[in-house]
Amino acid sequence: MKMYLKIFCLYILCFGGFLMASECPQKGEIHSNSPVVYFGEVINVTCTVNGDASLQVLSESLLYFKASKLKVGSSDRTLKGKPLDNPPNIGITISDVVNQTASKENKYMHYMCLYDQCLIDQIFLEIEYRPQLPDSGKCKVYNWERMECKWDLHVEYRQQDLMTFISLMYSVTTESWSLCPDLSVTGRTLTCVIEDKKNSPMFIGHYYFVLTVNNTKTLHSANISSEFHTNSIVKPAKVHSVSAEANRSSIHLKWSVEMKFQPQLFRIRYAINPNFHQNPVWKEVNTTGRDVVLKDLLPYRNYTIQINAIPLVNNKSTGFWSDTTVVSNTTLQDVPSDVPNIDPGFYSCIDANCTRVTLYWQQISDNSSNGIIMKYRITIESNGTQSQPLYIEDPSLTEYIVPVNNKYNTRIKLNVATEVGFSTKSDSSLNVAPLHYGPPYAENIIVEALEFKVVNISWATPRIPENIKAYSITNYSIMWCIGDQSGCKGEIEYEIVRFMKGKKTYWKKLDMAESFEKYAFGISVDAFKRTGRFISSGIKWNQCSYKVDAVPRDPVKVNLVLEDDQKSNNETMLFKWNTYSCQTHRVGPIQNFTIIVCSIDGKENCEGTPQEVVLRGNQTEYRVMDLIGGKYYKIRVSAGFKGGNSPPGQYTFKSSAANSIPNPSDKGAEGGVSLGAIAGGVVAVIAVAVIIIIAWKISGAVDLIKYTKAVEAHGSLALFKNT
C-alpha cells in the first residue's frame, strides 16, 4: 500500500495525473506486452480482476482504463477495452498507439485500470523510439589537424543514457578499435571529434567507424559502419597576413597559410565596390603560389578581394574550400579618361552684343574621373589665335563666364584634370558664331506645369531669311537646371528634339526630379554649317514657368481715368485696371476680362439687370456709357485663366453733372464709403467752390475761368473705389 501511494503521488507531481480514486476492494493487476512504449507502435495493456464468491458479481462493462493525455490542453484519455474470457476472473485488454506526448520531457506513459471509478491497479511504462538505423555520416578534416564527423540519428531519443545508449568506435586499421574521444548528441545529430595530440600530428588516411544504438530494456539495437579517407575531406584554414600593394592598373597580393607544406590551390575573386544585393560581376584568378598580381585594373577604384584555398591531391582540387579572407585596396589616381560633355548649345549670351557668354557643361562620371577632380582648363580660339588657358580651380563648378569675339567664330574648348594631370582625350568644345550669323532664337517659349513634377514646354520655329544658305537647322536642345530666369544654379540637363521642315510649333513633356518652380528652362536652336561645323543660337532662357491651372489670389486693381475736357462728358467714364504677369503672380496668359456694371441702391446692391461685357485678355480699359446723373454705380472686373477667374476688383462711383475732384481718402469697409460719406463729399465740393471764388477775387477772373474748365472736364465725380 505504501508503494502504491508513493508511485501515485509521483505521477501527480510529475505529470498532472488523474483525479484521486479510492482503492477497490477487488484485487487485480495490469500487464503489458512490452516494458517500453515505442513511438508509433502498438502497446497491449491488460487489466485482470480476481473473482470472489463472497463479493457481488462483477461486470466487465464497469471496467475501463485511464491513460496519459497526448496534447497540451487536452484531457486524460478514457479507453474501453475488449473483455477477457477467464471466469471467475474478469478483465479487459487495450491496444494503444502513442505518436506524441504532451511534452518532450515526458518519459513515461501512465495507465490506470478502474472499476466503477475505483482503482484496481496502475502501471508506468517508459516511452522511447525504437533504435533507428543512422545515416552513413559525413566527415570534414579542418586544416589536417582536427576531424569532425556527424551522423543523423533520425530521431531524438527520450531515454538517452538511461535506457538508450549510443556508442561509436573507430579504427585506422580495423584491428584495434577505440571509443570516440569526444562524442556529443544534440537533438538528432551525433558528433564525433578526433584531434591530433601534442607533438603527434593527426593520422592522414582511412578511418573506419561503427555506430551502435542499443535499448537496454528491450535489447533492440541498430548499427552502421562508415569509412572515410581524410585526403578527400580536408577544409584548409583561411589564409592570413594578406598584404596588397597597388599602382594605377594593378594590385600585388601576398598572403600566408598555416600548413605551408600541404599543396593548395588559391582562388582570388575581385570586383569594384560590389553590391551584394545586385549580383555583382566578379573576376577570378587561380594560383598555387602564395602571391598574385591582379592586372588591367581601373585607376582610383576600390576593389574588394576574396581569397579561398582548397587542398590539391595529385594536382587536383579535392575537399572543401576554406573560409573566405576579404581585403580591399584602392588603385592609384590617373588622368581622367573622359572630358566634360558640351552640347553645341551649352552657352547663353550675357549682353545684347554677345561679347561674353556663360559656358555650361556636364561633369564627367565617377567611372571616368580616375581620381579626385582638381580643376578645369578653358581655351579660347578666334580668328586664328588662341588665348592663354583659363584655369578653374573650383571642381564643383558647371558653368563659367567666357569672353568671345563677336566679329569672328569663337571656339571654346574644355578639359579636366586630377592631381596626375589633364585628360589625354581631345578637349570638348563648342562654337559661338559671329553676331547675327548664327541661328535665331526659338520663339514664343511657354513652360506650363501639368503637375508639379510634369512640365510641358512649347515653342515656335524661328523666322529665318530665305537667303540664308550658310547653315541648316538640325535640332532644338531643351535645357533645364536648378535655377531661375537668370540661369543655372546647378548642372545643366538637356534633351534633343529633331527639327522637322515645315513644322511651325513644337512641344515636349518633361518629367522632373523636383517641383518645376525650382528649375530654369531654355531652348537652343542648333545648326550645321556647310563648312562642317556645328553652331547654335545659344540658350534663350524662358523668363517664367507656371502651373497650367494657376489662378492669382490678388483681385484686379480698377482705377478711374481722369480725362481732359475734350474726351469727358457727363454720361461716360473710363476705367483701367492692372494685368497679371508670370514673374509676379506665377500664372499663365490671361484669356479674357469680364466686366460687370450696374447702378446700386443705398446698400450697394444692383438695381435691375447688370451689364456684362467680356473683353480680350490684352484689353485693360473699358468706358462705361449712358450714365444717369446723380445715380450711384459700381464696376467689377475679373480676369479669366485656364484654371478659372481671379478675384474681382470693384470700383463704386456716382455720376453727377456737378463736376468735382474725387477724394481718394474716403473709403469704406470694402474700398468704398457710405452715403453719409458721400454727403460729406458734397460739403467738400461746396468748400472747394468757396475757395475758388476767393481765389478768383484775389487772382482775377481769367484764372478762375481756366480752373472751372478743368473741373468741368471730369463730367462725373468718382466718390470711392475698391480693388
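Residue indices begin from 1 for each chain and proceed along its sequence in written order. The model is predicted, so local features are restricted to residues of pLDDT at least 70 and side-chain atom pairs to those at 80 or more, both for listing and for counting; the totals for chains, interfaces and linings are taken over all residues. Only hydrogens and water are set aside; all other atoms, that is, all heavy atoms of the structure, feed into the side-chain values.

Trainee: Sorry if this is basic, but what is going on with the sheet that holds strand E19 (residues 240–246) here?
Mentor: Hydrogen bonds between backbone groups are what pair the strands of a sheet, and the pairing can be parallel or antiparallel. A pair of strands is labelled paired if DSSP reports no fewer than 2 bridges between them. Runs of H or I in DSSP of at least four residues are treated as helices and runs of E of at least two as strands, each being numbered from the N terminus. Read across the open sheet, the 3 strands follow the order E19-E20-E23; overall the sheet is antiparallel. Where the open sheet ends on each side, the last strands, each with one partner, are E19 and strand E23 (291–294). For this sheet, the mean inter-axis angle between neighbouring strands, taken without regard to orientation, is 15°. Strand direction decides the pairing type here: strand E20 (residues 251–256) and E23, joined by 4 bridges, are antiparallel. Of the residues in E23, the one forming a bridge with isoleucine 251 is leucine 294. To get an axis, a line is fitted to the C-alpha atoms, and for a helix only the part in contact is used. The angle between two axes follows their N-to-C directions and goes from 0 to 180 degrees.

Trainee: Looking at this structure, how should I read the pattern of salt bridges?
Mentor: Side-chain pairs of opposite charge can arise whenever the charged atoms involved come near each other. Salt bridges are identified by distance alone: a Lys or Arg side-chain nitrogen within 4 Å of an Asp or Glu carboxyl oxygen. Throughout the structure, instances matching the rule amount to 20 salt bridges. The salt bridge partner of aspartate 484 is lysine 489, with a shortest N-O separation of 3.4 Å. Aspartate 484 gets classed as partly exposed once you look at its relative accessible area, which sits at 32%. We call a residue buried when its accessible area falls under 20% of the maximum for its residue type, exposed when it is over 50%, and partly exposed in between, using a 1.4 Å probe and counting protein chains only. Given the relative accessible area of 56%, lysine 489 is considered exposed. Three or more residues joined by partner-sharing salt bridges are found here, namely Arg146, Glu148 and Lys150.

Trainee: Looking at this model, I keep getting lost on the sheet that holds strand E16 (residues 206–215). Mind explaining?
Mentor: Read across the open sheet, the 4 strands follow the order E13-E12-E16-E17; overall the sheet is antiparallel. Each edge of the sheet is formed by a strand with only one pairing partner; in this case those strands are strand E13 (178–179) and strand E17 (221–229). Relative to E16, strand E12 (residues 164–171) runs antiparallel, the two sharing 8 bridges. Among the inter-strand pairings, tyrosine 170 is bridged to a residue of E16, identified as phenylalanine 209.

Trainee: Which parts of the structure should I look at to understand the nonpolar core?
Mentor: Nonpolar side chains in soluble globular proteins generally cluster together in the buried interior. With 28 residues, the main nonpolar core has Leu359, Ile378, Ile412, Leu430, Ile492 and Trp541 as its most contacted residues. Contributions of two or more residues to this core are made by strand E28 (356–360), strand E29 (375–382), strand E33 (410–417), strand E34 (428–432), strand E37 (471–484) and strand E42 (534–541). Throughout, a residue-residue contact means that at least one pair of heavy atoms, one from each residue, lies within 4.5 Å. In this view, isoleucine 378 contacts Leu359, Gln388, Pro389, Leu390, Ile392, Tyr400, Val402, Ile412, Lys413 and Leu414; residues no more than four positions away in its chain are not counted. Definition of nonpolar core: a set of buried residues of the types Ala, Val, Leu, Ile, Met, Phe, Trp, Tyr and Cys, connected through side-chain atoms within 4.5 Å. Counting 27 residues, the second largest nonpolar core, distinct from the first, contains Cys47, Val49, Leu70 and Val98.

Trainee: Looking at this model, I keep getting lost on unusual backbone geometry. Mind explaining?
Mentor: Apart from glycine, the bulk of residues carry a negative phi angle, and the bulk of peptide bonds sit in the trans form. Of note in this structure, asparagine 383 is not a glycine but carries a positive phi near 55°. With respect to the helices, strands and loops of the structure, asparagine 383 is situated in the loop between E29 and strand E30 (385–386). On the accessibility criterion, asparagine 383 (48% relative accessible area) is partly exposed. The phi dihedral of aspartate 626 is positive, around 55°, even though this residue is not glycine.

Trainee: Please explain the packing of aromatic side chains as it appears in this structure.
Mentor: One pair of aromatic rings is described through two measures. These are the centre distance and the angle between the planes. Only Phe, Tyr and Trp rings are paired, with Trp represented by its six-membered ring, and only when their centres lie within 6.5 Å; those with planes under 30 degrees apart are stacked, over 60 edge-to-face, the remainder tilted. Per the stated rule, a full pass over the model turns up 25 aromatic pairs. Ring centres 5.4 Å apart and planes at 65° place the aromatic pair tryptophan 255 and phenylalanine 266 in the edge-to-face group. Here phenylalanine 266 lies in strand E21 (residues 264–272) and tryptophan 255 lies in strand E20, a separation of 11 residues in the sequence. Considered together, tryptophan 255 and phenylalanine 266 belong to a single accessibility category, that of buried residues. Joined through ring pairs, the aromatic side chains of Trp151, Tyr170, Phe203, Tyr207, Phe209 and Phe228 make up one cluster. Sitting over a ring, as applied to charges here, requires NZ of Lys or CZ of Arg to be within 6 Å of the ring centre and within 35 degrees of the ring normal. When the ring centre of tyrosine 391 is taken as origin, the NZ or CZ atom of lysine 375, which lies over that ring, is 5.4 Å away. Over the face of the ring belonging to phenylalanine 452 we find lysine 547, whose NZ or CZ atom lies 5.2 Å from the ring centre.

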